[in-house]
Amino acid sequence: GIIGPAIVYNCFPLLLFKLYMLGWTLGAIYSVPPIRTKRNALAAGLTIATVRGFLLNFGVYYAVKDALGAPFSWSPKVSFIARFMTAFATVIAVTKDLPDVEGDRAFNISTLATKVGVSKIAKGATLCLFLNYVHAVATGVLAKAGTFNLIPMVGGHAALATVLLARFRQLEPEKLASIKTY
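Here's what I pulled together on the structure shown here. Just so we're clear, the structure is a prediction, and the values are computed from it rather than from any experiment.

### Re the packing of aromatic side chains
A complete count under the given rule lists 13 aromatic pairs for this structure. Ring centres of Tyr-62 and Phe-72 lie 5.1 Å apart, and the angle between their planes is 85°; this geometry places the pair in the edge-to-face category. Remark: Phe-72 occurs in the loop between helix 3 (41-67) and helix 4 (76-95) and Tyr-62 occurs in helix 3; sequence separation between them is ten residues. What links up through ring pairs into an aromatic cluster is the set Phe-54, Phe-58, Tyr-61, Tyr-62, Phe-72 and Trp-74.

### Looking at the side chain of Asp-104
With respect to the secondary-structure elements, Asp-104 resides in helix 5 (residues 101-106). The side chain of Asp-104 sits in the buried core without any salt bridge; Lys-96 is the nearest counter-charge, 8.1 Å away. If we skip the residues at most four places from it in the chain, Asp-104 touches Asp-97, Ile-109, Thr-111 and Thr-114.

### Examining helix 3
One full turn of an α-helix is made of 3.6 residues, so residues set three or four places apart face in the same direction. With 27 residues, helix 3 should reach 39 Å at 1.5 Å per residue; the first-to-last C-alpha distance of 37 Å fits that figure. The largest bend in helix 3 amounts to roughly 40° and is located at Leu-55. N-capping of helix 3 is provided by Asn-40, with a side-chain oxygen placed 3.0 Å from the backbone N of Leu-42. Gly-69 occupies a position one or two residues after helix 3 and carries a positive phi of about 75°.

### Section: the packing of helix 2 (residues 14-31) against helix 3
Orientation of helix 2 relative to helix 3, taken along the N-to-C sense of each, is 155°, at an axis distance of 10 Å. Our classification of the angle between helix 2 and helix 3 gives roughly antiparallel. The two elements helix 2 and helix 3 meet at a crossing, and its hand is left-handed. Contacts from Leu-15, Leu-16, Leu-19, Leu-22, Gly-23, Leu-26 and Tyr-30 in helix 2 reach Ala-44, Thr-47, Ile-48, Thr-50, Val-51, Leu-55, Phe-58, Gly-59, Tyr-62 and Ala-63 in helix 3.

### Focus on the pattern of salt bridges
Per the stated rule, a full pass over the model turns up two salt bridges. For Asp-97, the salt bridge is made with Lys-96, and the minimal N-O distance between the two is 3.4 Å. Since its relative accessible area comes to 32%, Lys-96 is described here as partly exposed. The partner of Lys-175 in a salt bridge is Glu-172, with the nearest N and O atoms 3.0 Å apart.

Analysis parameters
Residues numbered from 1 in each chain as written. Predicted model: local features only at pLDDT ≥ 70, side-chain atom pairs only at ≥ 80, totals over all residues. Heavy atoms only, no water. Phe/Tyr/Trp six-rings, centres within 6.5 Å; stacked < 30°, edge-to-face > 60°. Helix = DSSP H or I, 4+ residues; strand = E, 2+ residues; numbered from the N terminus. Buried < 20%, exposed > 50% of the residue type's maximum accessible area, 1.4 Å probe, protein only. Lys, Arg positive; Asp, Glu negative; His and termini not counted. Salt bridge = Lys/Arg side-chain N within 4 Å of Asp/Glu carboxyl O. Contact = heavy atoms within 4.5 Å. Expected span 1.5 Å × (residues − 1). Bend = angle between axes of the 7 residues up to and from the residue. Polar contact = N/O pair within 3.5 Å; in protein donor to acceptor, adjacent residues only side chain to side chain. Axes fitted to C-alpha atoms, helices over the stretch in contact; angles between N-to-C directions. Parallel < 35°, antiparallel > 145°, perpendicular 65-115°, else oblique. Left-handed = near helix turned anticlockwise from the far one by under 90°.

These results come straight from atomic positions and should not be treated as a statement about function.
Below you can see the structure in the form of structure tokens.
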């Protein structure tokens, strides 16, 4: 755990070091006792969404710009991907325990899935992810011409939203195989 911070501190701007250490700290408190935020659904979701959504995407963009000697400026593409992936990572964090719900119940492990139920979580996650795709399509349509490649931005996200809804319609929350397919 000290080599990474030392490299970032010595090779990158202070802002990148602070972002790196935020991710490092969140990763540590996610897994290491006594805090272990992974034991709390909300704390785990926020941790995963922050690190996988924002810090990873923004941090890599900023690090590459710095390594190339290019000045930092906000990019509509990076802003979009950081926002989109933060929402996506949040959905992953909420749904990650769905396939384990039977075992969690059998061993009396309290998770969001065991408390709320697979069906409700799947509905909420599907709605959030669907709205994320709708926002991506709207972003592509409403952005200044040339900002995004419209085929993947509009067509790709619309197609993925369609697949998401089809998978949700096929979901049988009481069947493990169906949960895994979803």
